[in-house]
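Here's the letter readout for the chains.
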Amino acid sequence: MRQVYLDHAATTPIHPEVLERMQPFFSEKFANPSSFHTPGLEAKKAVDEARKSIASSLNAHADEMVFCSGGTESDNLAIFGVIRAQQHAVRGTQYEIPHVITSSVEHHAVLEPLQYLAKTKAIDLTVLPVDKFGKIAVSDLEEALRPETVLVSVMYANNEIGTIQPIADIGRALLKWRKTNATQLPYFHSDACQAAGALDLDVEKLHVDLLTLNGSKIYGPKGIGLLFVRRGMKLAPQIRGGGQERGLRSGTENVPGIIGLAAALELAQAGKDKENARLIRLRDDLINGLLTIGKTRLNGHPTERLPNNVNVSFMDIEGEAAVLYLDAKGIYCSTGSACASSSLDPSHVILATGVSYEAAHGSLRFTLGHSTRPSDIGYVLKTIPDIVKKLRQMSPVNLDMRHFA
Amino acid sequence: MDTDNKQAGDIVSRTGTQSWFYSDAVKDHFFNPRNFMQDESSYADAAMGLVGSPACGDAMKVWIKVDPETERIIDCKWKTFGCGSAIASTSMMSVMVTENGGMTLDEARLLKPQHIMERLGGLPARKIHCSVLGDKALRAAINDWYRRAGRLDKVEEEHGRIVDPETKVTDKDIEHAVLDGADTLEKVQAKLKVGIGNPSCIPEVEQLIRFYKEKYFGV
Ligand code: FES
């Protein structure tokens, strides 16, 4: 059976060249970079090279790279790191607890820690709404800023609906605020895990202070993440021990992972213009083809979206059933349906764009990648209509499309 | 969505050759659903039950045709807006109530989700509530049949009775909470806040939790 993997936003396969470059660091070059002997120094040199390479992709300095275990840890380090470092500064002032601003469409790795901190009264949290395309308004953000705001965290591109946020505009608005108020705060964090393979990561253009990346979405290894931490920032470490990563993240370096992340980022950034153009054509063919099926809506922004992301809702059907029918045809995708989540909650991202429960229920996400060919898109477009038809026949729901406009 | 649980198959198929999210029987009924309603035109007069899942906002419709002499179900059709488990368990239910000459309405009322699940070779734990949908819709359809037949004495309305006067929580609320997976007092309280201001009702709440767990899950 034909197999079409369209779940690259969940994770990507490793690029053969990346694997090749990692390989020696599992066996012959296995030493600990902290060791004071020749093999240790060799490992350290390799890690330093990787640090420099990533820093240059980010237009940053090597000493601003903090390696950790993945995107989730990197997000957590940014959030807890800033808040714990700032808590004391705020305590005793008229504000008592620090304030944080985020958006309603963030990844759980950002929302969960922030909601936890808000629930335990460690912070006051503002969650910015998004428009029907999933974008926040910079003016909303400006209005939400307060003297005690210590952190703004807005993702670069959304993992579910692919919408790209105006990160550079937010960054500029924050620079202006800091200047007017003669303060260093708030710091600006952005989760760029989904964006890293496709968008510009220049931290000077984006004006971010903290940037999260990981390996497993850019054809690199799993289990490696990075937090860019701008020089001069105060960050409280969350994992203490041997003092690696300038004391910000202790633990013996994951040398093969670091080498792999650097290799993956180099390849992704070097090839991105060509690959983006190719993917956008395929993406738009898939979107346009799917929208010819009746009662279907596109989730996310029509143009300001990741080149590889397609997310549509088929009204009146439930997404998990659709994913399983597609699976039987060798098409692998994902859904925002409540039924497919362990908590039985539909996608918070799709709900945040203002559509109904049912639209989230019937949402399917296809994320394209290196392996995707035009013939794959053709196969998907040939296969889906019958599945949608069958599930609609089985469905007692028949909603009026006007509710989803 | 990459936060979704991409777990390994909850159930390994009997043949052991393939690991899938569901058992072979679930898979069979999911891909080849039996008795789903394709043409409602000849069912306008049939008894019908409609329910929504409290858990995930799904909807289910069940139609039955009944022999008035024997009160046996001769036909059962359904539609669902639900996941693979909901489709498979309703399909299986429609087979069970009509096979071997059909169940009597009294027998059908005793059908438990647990029996459907046994025939399906199990469902993943977090999918158990889906199998409850069809069964509830069936009972609603049975009531509808009796109502249409003018046999109001046989209509079993599922009334709510207030258990905690302070929060106005009823036995039905507790039933729904249990169906949603709240299987301990703590979890039910997290959902309903029942008995927090009025602990005197807690023994009864605990008893109801046990009762509904037994009723729906046989434990
Ligand atoms: S119907 Fe929603 S999880 Fe089964």
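Each residue is numbered by its place in its chain's sequence as written, counting from 1. Chains and ligands are labelled sequentially in the order written, the chains with letters from A and the ligands with numbers from 1. Since the coordinates come from a predicted model, pLDDT governs what is reported: local features require at least 70, and pairs of side-chain atoms require 80 or more to be given and counted, while whole-chain, interface and lining totals use all residues. Each side-chain value is worked out from all heavy atoms of the structure, with water and hydrogens disregarded.

J.: What should I look at first to understand the pairing of strand β13 (residues 363-367) of chain A in this one?
T.: Walk down a regular strand and you will see the side chains alternate between the two sheet faces. Residue and element names in this part refer to chain A. Across the five residues of β13, five count as buried, placing the element largely inside the fold. Buried, partly exposed and exposed residues are distinguished by accessible area as a fraction of the type maximum, computed with a 1.4 Å probe on protein chains only: under 20%, between the cut-offs, and over 50%, respectively. A run of DSSP states H or I qualifies as a helix once it reaches four residues; a run of E qualifies as a strand once it reaches two. Both are numbered from the N-terminal end. Here β13 shows a buried face lined by Ser363, Arg365 and Thr367 and a second buried face lined by Leu364 and Phe366. Here, strands pair whenever DSSP counts at least two bridges between them. Two strands pair when backbone bridges link them, and strand β10 (residues 309-314) and β13 are joined in this way by five bridges, in the antiparallel orientation. Opposite Ser313, over in β13, you have Ser363 as the bridge partner.

J.: Would you mind going over helix α9 (residues 319-328) of chain A with me for this structure?
T.: Residue and element names in this part refer to chain A. In terms of residue burial, α9 counts as a mostly covered element, since eight of its ten residues are buried. Among the residues making up α9, those that are buried are Gly319, Glu320, Ala321, Ala322, Val323, Leu324, Tyr325 and Leu326. Put simply, Glu318 is the residue that caps the front of α9, since its side-chain oxygen is 2.8 Å from the backbone nitrogen of Glu320. A positive phi of about 80° marks Gly330, the residue just after α9. Polar contact is the term for a pair of N or O atoms within 3.5 Å; when the atoms are in protein, one must be able to donate a hydrogen and the other to accept it, and sequence-neighboring residues count only if both atoms are side-chain atoms.

J.: Help me out: how do you make sense of helix α2 (residues 38-58) of chain A in this one?
T.: Given 3.6 residues per helical turn, the α-helix brings residues three or four places apart onto the same face. Residues and elements named next belong to chain A. Taking 1.5 Å per residue, 21 residues should reach 30 Å; α2 reaches 30 Å between its end C-alpha atoms and fits that length. Buried within α2 we find Gly40, Ala43, Ala46, Val47, Ala50, Arg51, Ser53, Ile54, Ala55, Ser57 and Leu58. Where the residues of α2 are buried, they touch β2 (65-68), α7 (203-206), β7 (210-214), β8 (225-229) and α8 (255-291). By this rule, a helix spans an expected 1.5 Å times one less than how many residues it contains. Residue contacts are defined here by distance: any two heavy atoms, one from each residue, within 4.5 Å place the two residues in contact.

J.: Can you walk me through the interface of chain A and chain B in this structure?
T.: By a widely used convention, the size of an interface equals the accessible area lost when the partners come together. Listed by partner, the interface residues are 39 residues for chain A and 33 residues for chain B. When two parts are put together, the accessible area they lose, computed with a 1.4 Å probe and summed over both, is reported as buried area. Summing both sides of the interface, chain A and chain B together bury roughly 2800 Å²; the carbon and sulfur share of this comes to 62%. At the junction of chain A and chain B, the tally comes to seven residue pairs in polar contact (both at pLDDT 80 or more). Secondary-structure elements contributing two or more residues to the side of chain A that touches chain B are α9, β12 (334-335), α11 (357-361) and α12 (374-394) of chain A. Considering every element that reaches the side of chain A that touches chain B, the biggest residue donor is α9(A), with six residues. Considered class by class, the residues forming the side of chain A that touches chain B number 16 nonpolar, 13 polar and ten charged. Residues were grouped as follows: Ala, Val, Leu, Ile, Met, Phe, Trp, Tyr, Cys and Pro as nonpolar; Asp, Glu, Lys and Arg as charged; and all remaining residues, including Gly, as polar.

J.: I would appreciate a short explanation of the pattern of salt bridges in the present structure.
T.: For side chains of opposite charge, pairing can occur when their charged atoms come near one another. Residue and element names in this part refer to chain A. Salt bridge, as used here: a side-chain nitrogen of Lys or Arg that lies within 4 Å of a carboxyl oxygen of Asp or Glu. Per the stated rule, a full pass over the model turns up 33 salt bridges over all chains. Across the pair Asp7 and Arg365 runs a salt bridge whose closest N-O atoms are separated by 3.0 Å. In this pair, Asp7 sits in the loop between β1 (4-5) and α1 (16-22) while Arg365 sits in strand β13, placing the two residues 358 residues apart along the sequence. The exposure class of Asp7 is buried, given its relative accessible area of 5%. Here the salt bridges do not stand alone but share partners, grouping Arg178, Glu204, Asp209 and Arg230 into one network.

J.: How should I be thinking about the domain arrangement of chain A in this particular structure?
T.: Residue and element names in this part refer to chain A. Taken domain by domain, chain A holds domain 1 (4-12 + 272-404) and domain 2 (16-270). Between domain 1 and domain 2, the C-alpha centre-to-centre distance is 29 Å. Taken together, the contact pairs 26 residues of domain 1 with 34 residues of domain 2. Across the domain 1/domain 2 interface, buried area totals approximately 2400 Å², and carbon plus sulfur atoms make up 52% of it. Two residues, Glu304 and Lys135, come together in a salt bridge whose shortest N-O distance is 2.5 Å. For the side of domain 1 that touches domain 2, the elements supplying multiple residues, two or more each, are α8, β10 and α10 (348-352). Just so you know, the domain bounds were taken from an automatic or database domain assignment.

J.: Which parts of the structure should I look at to understand empty space enclosed by the protein?
T.: Empty space among the atoms becomes visible once a probe the size of a water molecule is rolled across them. Buriedness of a pocket was judged along seven lines, with at least five required to meet protein on both sides within 12 Å; pockets are open sets of points on a 1 Å grid over the protein atoms alone, cavities are sets where a 1.4 Å probe fits but cannot get out, and lining residues have an atom within 4 Å of a point. Grid points are joined across faces, edges and corners, and a volume is the space filled by probe spheres set on the points. If you walk through the whole model with that rule in mind, you get two cavities of 30 Å³ or more. Ile317(A), Glu318(A), Leu391(A), Ser395(A), Thr80(B), Phe81(B), Gly82(B) and Ile87(B) are the residues that line the second largest cavity. Split into classes, the residues belonging to the lining of the second largest cavity amount to four nonpolar, three polar and one charged.

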